[in-house]
Amino acid sequence: MAFGSFDNGGASQPMAEINTTPLVDVMLVLLVIFIITAPLFHQAVPVDLPRVEASSLDDRPQVIAVAIDASGKVFLDGQAVERSELAARLAELGARGGQPELHLRADRGTRYERVTEVLADAQRAGLVRIAFVTEPPR
């Protein structure tokens, strides 16, 4: 018998052969999986697009720059404005047409209350695109 017998009469040695059948089975299954999935990785459809001469559209939104310094003073596009004047100016800029972006820069020492007042004025003026401008860490 190839595997030995139940007879313990002689010196019983362990089998020294490695059974490679499970390894071959797993490798064949993986090969089949890769053969099936390899065509799915290339999903691009080759399309020959027409070539035309056209200018690119520069549809950049209007940017409203608002800065708040550490003392709470507000600057609109580089000019100092009072709180009552800020709401009117933001409403005027928002009514010009389009959807302007508000870029808000606030000093690290600015009170949070002052920032929320400016945000509330911008919201009342109809500005919904608001960006907080920060500096990257050094």
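Refer to the structure printed above.
Residues numbered from 1 in each chain as written. Predicted model: local features only at pLDDT ≥ 70, side-chain atom pairs only at ≥ 80, totals over all residues. Heavy atoms only, no water.

Describing the side chain of D121
Along the chain, D121 falls in helix α3 (residues 112-124). Within the structure, D121 has its side chain in polar contact with the side chain of R124 (distance 2.6 Å). Excluding residues within four positions of it along the chain, D121 makes contact with R83, L86, A87 and L90. (Helix = DSSP H or I, 4+ residues; strand = E, 2+ residues; numbered from the N terminus. Polar contact = N/O pair within 3.5 Å; in protein donor to acceptor, adjacent residues only side chain to side chain. Contact = heavy atoms within 4.5 Å.)

Things to note about the pattern of salt bridges
Oppositely charged side chains may form a pair once their charged atoms are brought near each other. Scanning the entire structure with this criterion turns up seven salt bridges. For E117, the salt bridge goes to R83, with nearest N and O atoms at 3.4 Å. In this pair, E117 is assigned in helix α3 and R83 in helix α2 (residues 83-94), connecting sequence segments 34 residues apart. When the shortest N-O distance is used, the salt bridge between E101 and R129 registers 3.0 Å. Residue E101 is located in strand β4 (residues 101-106), and its partner R129 is located in strand β5 (residues 129-132); the two are separated by 28 residues in the primary sequence. (Salt bridge = Lys/Arg side-chain N within 4 Å of Asp/Glu carboxyl O.)

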